[in-house]
Amino acid sequence: MLHMRIRNQGGRKMSEAISVHRLPTRQPSHVTVATASLIGTAIEWYDFFLYGTAAALIFNKLFFPTFDPMMGTLLAFATYALGFIARPLGGVVFGHYGDKIGRKTMLYLTLLIMGAATAAIGFLPTYETAGIGAAILLVTCRLVQGFGLGGEWGGAVLMAVEHAPEDRRGFYGSWPQLGAPLGLVLGTLVFSVVSAMLTDAQLYAWGWRIPFLFSIALVLVGLWIRFTIAESPEFQKVKDAKQDVKMPILEAIRMYPKNILLAMGARFAENGFFYIYATFVLAYATQSLGMNKQDMLNGVLIAAAIETFTIPAFGALSDKVGRRPIYIFGAVFSALMSFPLFMLLATRNPQLAWIAIVLGLAVGHAAMYGPQASFLSELFGTKVRYSGVSLGYNLASIFAGALSPLIATGLMTAYAPATWPISLYMIALAIITVVSVYFATETRKVG
């Protein structure tokens with residue numbers, strides 16, 4: 001009896017020691033994964049947004065110099081839009097293999113593809129040396145960028161969401177969402193530094209290439225970081241149980257047609273407004289209003305920096321009150337800002353322009369983008385989640401993010417100097433999102 005008591009006490013102590021040892025390691029696991037997803041996604045978005053900044057400020061003169069400035073900008077934004085058209089294809093391909101092989105492997109491939117395409121832009125000849133061939137090469141690189149990014153977002157957010165505790169998915173799911181403003185901050189910052197250090201002649205001659213070539217170093221860092229994370233536990237359970245499906249994308253369409261459409265609609269305001277603020281506003285303020293290029297870049301930089309705090313705040317709030325109320329608030333706020341945005345810009349006062357951009361991005365956009373990863377992910381079952389979320393997310397990018405700078409520029413060209421048509425277009429985007437989110441299921445603590 002004494003021997004058994006001692007052995008039981010020893011076993012109990014050993015069990016307690018193991019529990020004490022394991023307790024601290026459980027929490028950092030999802031923190032580490034969320035951090036790795038954030039860093040990798042920030043690098044991907046740096047590559048993607050860098051093109052947008054260059055399209056607004058540089059590419060119209062380097063690749064479309066035979067057109068007047070506004071038409072050149074319109075063509076530059078058209079090539080910018082092509083990156084979004086390739087995203088659903090990337091979402092389908094990487095979503096399929098992400099549901100079949102795993103989330104982690106796809107994240108290596110998407111980062112490599114994006115980095116290679118971005119670095120290639122830095123080596124492209126311009127119209128002066130290659131004529132129309134330069135524009136064709138630029139379009140090709142943009143299509144490859146879009147293809148890579150189409151598979152990136154789904155894998156990154158699923159790694160964060162599927163590793164996170166069920167009651168903190170909104171918060172940890174918002175971490176890879178931070179990659180967008182951080183990528184925008186990094187891309188705008190690098191472009192601002194290069195622009196400030198060089199003369200206009202140097203910038204247009206060779207300086208614009210530096211931010212694109214800088215992507216090579218960032219991709220190497222991102223690959224090393226992603227190598228350290230483990231596969232999604234939810235996907236691993238499906239794989240171990242041999243419950244994976246043969247054609248995930250077809251199964252997602254069969255099982256969740258309504259949720260794919262609602263996911264698309266939910267993104268219209270978030271995606272469209274972001275690119276209006278981050279790209280169109282730059283071109284409009286500098287070319288139509290004659291504002292200083294550096295002032296506008298600084299405004300976007302400030303707004304994106306503040307958004308790195310408001311996105312996780314709204315994500316965490318969605319864990320408390322639900323995804324839908326926070327998302328709808330963001331869409332309504334964005335609609336209400338559509339007229340004040342242009343009123344503040346019309347003052348040509350840099351500080352008032354900054355206020356408009358900060359409110360649009362750090363409040364309206366952040367309220368939608370913060371809970372978006374968990375909200376959209378929880379609309380789909382694990383077996384087809386990568387395919388379903390990637391399809392809904394990326395299809396919306398064609399109709400919202402791709403077209404919003406293009407439509408805004410077209411409306412400006414047609415109705416200048418009036419800006420009310422652009423504001424009405426922004427309100428229409430918000431209405432689509434409000435209706436979609438309203439009819440979607442509240443996913444908090446579901447999944």
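Computed from a prediction, not measured in an experiment: that's the story for all the values here.

Participant: Explain the nonpolar core residue by residue, including any values.
Facilitator: Across soluble globular proteins, you tend to see nonpolar side chains buried next to one another. Trp 45, Ile 58, Phe 59, Ile 121, Met 296 and Leu 345 are the most contacted members of the largest nonpolar core, which totals 120 residues. Of the residues forming this core, the biggest block, 19 residues, is contributed by helix H15 (residues 257-288). Membership of the second largest hydrophobic core comes to seven residues, among which are Val 33, Ala 36, Ile 225 and Ile 229.

Participant: So what about empty space enclosed by the protein? Which residues, and what values?
Facilitator: It is the rolling of a water-molecule-sized probe over the atoms that shows where space remains empty. Counted by the stated rule, this structure contains two cavities of 30 Å³ or more. What the largest cavity holds in volume is close to 50 Å³. Lining the largest cavity, in full, are Trp 45, Phe 49, Ala 180, Arg 267, Glu 270, Asn 271, Phe 274, Tyr 275, His 365, Tyr 369 and Tyr 393. Listing elements by their share of the lining of the largest cavity, those giving two or more residues are helix H1 (2-57), H15 and helix H19 (350-377). The element contributing the most residues to the lining of the largest cavity is H15, with five residues. Looking at the lining of the largest cavity residue by residue, the class counts come to seven nonpolar, two polar and two charged.

Participant: How would you explain the environment of Tyr 327 if you had to name every residue and give the values?
Facilitator: With respect to the helices, strands and loops of the structure, Tyr 327 is situated in helix H17 (residues 323-336). Taking the relative accessible area as the measure of exposure, Tyr 327 reaches 0% and is therefore buried. Once the C-alpha coordinates of Tyr 327 and Tyr 369 are considered, the two residues, 42 residues apart in sequence, prove to be 7.9 Å apart. Apart from the residues lying within four places of it in its own chain, the contact partners of Tyr 327 are Ala 266, Arg 267, Glu 270, Ala 367, Met 368, Pro 371, Gln 372, Phe 375, Thr 433 and Val 437.

Participant: Now, about the packing of aromatic side chains: what can you tell me, with residues and values included?
Facilitator: Under the counting rule described, the total for this entry stands at 16 aromatic pairs. Plain terms: the ring middles of Tyr 256 and Phe 380 are 5.4 Å apart, the flat faces sit at 75° to each other, and that makes the pair edge-to-face. In this pair, Tyr 256 is assigned in the loop between helix H14 (248-255) and H15 and Phe 380 in the loop between H19 and helix H20 (385-399), connecting sequence segments 124 residues apart. On the basis of an interplanar angle of 15° and a centroid distance of 5.8 Å, the ring pair of Phe 280 and Tyr 284 is categorised as stacked. With Phe 280 and Tyr 284 both in helix H15 and four residues apart, the pair spans about one turn of that helix. Accessibility classification places Phe 280 together with Tyr 284 in one group, the buried group. Three or more aromatic residues joined by ring pairs form one cluster here, namely Phe 171, Tyr 172 and Trp 175. For the cation-ring pair, Arg 267 lies above Tyr 393, with the distance from its terminal atom to the ring centre recorded as 3.4 Å.

Calculation criteria
Residues numbered from 1 in each chain as written. Predicted model: local features only at pLDDT ≥ 70, side-chain atom pairs only at ≥ 80, totals over all residues. Heavy atoms only, no water. Core = buried A, V, L, I, M, F, W, Y, C linked by side-chain atoms within 4.5 Å. Buried < 20%, exposed > 50% of the residue type's maximum accessible area, 1.4 Å probe, protein only. Helix = DSSP H or I, 4+ residues; strand = E, 2+ residues; numbered from the N terminus. 1 Å grid on protein atoms, 1.4 Å probe; cavity = no way out; pocket = protein on both sides within 12 Å on 5 of 7 lines; lining within 4 Å. Points joined across faces, edges and corners; volume = space filled by probe spheres on them. Nonpolar A, V, L, I, M, F, W, Y, C, P; charged D, E, K, R; others polar. Contact = heavy atoms within 4.5 Å. Phe/Tyr/Trp six-rings, centres within 6.5 Å; stacked < 30°, edge-to-face > 60°. Lys NZ or Arg CZ within 6 Å of the ring centre and 35° of its normal.

Read these as spatial facts, not as claims about activity.
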